[in-house]
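# Examination of the molecular architecture
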Amino acid sequence: GTTPNADDIVMDFFAGSGSAPHAVMRQNAEDSGNRRFVAVQIAEPLPKPEEKVTTISDLLLSRIRNAGAKIGASIHVEADCVTTSNNFDGGFRTFKIDSSNMADVYYQPDQLTQDALALQVDNVKEGREPEDLLFQVLLDWGVDLGLPIRGETIEGKQVFFVDGNALAACFDTGLTEDFCKALAKR
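The notes below deal with the structure included here. Residues take numbers from 1 onward in each chain, read along the sequence in its written order. The model is predicted, so local features are restricted to residues of pLDDT at least 70 and side-chain atom pairs to those at 80 or more, both for listing and for counting; the totals for chains, interfaces and linings are taken over all residues. Hydrogens are left out, water is left out, and the side-chain values use all remaining heavy atoms of the structure.

### A closer look at the overall build of the chain
Where we set the bar: Numbered from the N terminus, helices here are DSSP runs of H or I no shorter than four residues, and strands are runs of E no shorter than two. Burial classes: relative accessible area under 20% of the type maximum marks a residue as buried, over 50% as exposed, and values in between as partly exposed (1.4 Å probe, protein chains only). The criterion used for residue contact is that any of the two residues' heavy atoms lie within 4.5 Å.
In terms of regular secondary structure, the chain is built from five helices and five strands. Its helices and strands taken in sequence order, the chain reads β-α-β-α-α-α-β-β-β-α from the N to the C terminus. Out of the 186 residues belonging to the chain, those deemed buried represent 23%. Across the chain, the fraction of contacts at a sequence separation of at least 24, relative to all contacts at a separation of at least 6, is 52%.

### Focus: unusual backbone geometry
Although it is not a glycine, aspartate 7 adopts a positive phi angle of roughly 55°. Take aspartate 7: it is sitting in the segment before β1 (9-12).

### Examining the pattern of salt bridges
Note the threshold: Any Lys or Arg side-chain nitrogen located within 4 Å of an Asp or Glu carboxyl oxygen qualifies as a salt bridge.
All told, the structure shown has six salt bridges when counted by the stated rule. Among the salt bridges present, the one from aspartate 98 reaches arginine 128, with a minimum N-O distance of 3.8 Å. Residue aspartate 98 is located in the loop between α2 (56-81) and α3 (114-117), and its partner arginine 128 is located in the loop between α3 and α4 (130-141); the two are separated by 30 residues in the primary sequence. For aspartate 98, a relative accessible area of 57% corresponds to the exposed category. A salt bridge links glutamate 177 to lysine 181, with the nearest nitrogen and oxygen atoms 3.0 Å apart.

### Side note on the sheet that holds strand β5 (residues 167-169)
Our working rule: Two strands pair if DSSP finds at least two bridges between them. Axes here refer to lines fitted to C-alpha atoms; in helices the fit is confined to the stretch in contact. Angles between the N-to-C directions go from 0 to 180 degrees.
Across the sheet, which stays open at both edges, the three strands sit in the order β3-β4-β5 with antiparallel pairing between neighbours. Looking at the sheet topology across the chains shown, the edges are occupied by β3 (149-154) and β5. Across the sheet, the mean angle separating the axes of adjacent strands is 25° when strand polarity is ignored. One ladder, built from three bridges, connects strand β4 (residues 157-162) with β5; its direction is antiparallel. Following the sheet pairing, valine 162 is matched in β5 by leucine 167. Together, β3, β4 and β5 form the strand contacts of α4, whose direction differs from that of β4 by roughly 35°.

The values are spatial; any link to function lies outside them.
See below:
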């Protein structure tokens, strides 16, 4: 039901062990397609858990990783013998549903005291990583989560470049004028 270069998305909301994503990757490798997939699976415990695979979603991730590596390796072997190139991408991203990365700040101006202002200096919840913040921004702005993302260090600060230079994001603190100038040169 898909064609190789129509930007089709195969959605499987009961992904189980990952047969649909595996099939999408295999088909893309066969016809140089650019189909993508969305696989959703609740982290339901396996009847017989193993050391590294304890839930159905763990099994799904393991299969997708292994399938991508196996398909990618077989393409490179074939590419050595054949002059055609295949741009197979076995990469994928995983997301877990969570609350917002931003602290819950619902104060009325007339209820805010001077000492409470110090609590508002950083509105990011404790334990959140820069990648968490990046993907929240991408979701909030409606940016395609499948775009390529590259991380780079500029002036000692971690910067994410989305889709080449379409978006640059840095969530580190203590940004300096030198950092801003170096980023602007990019």
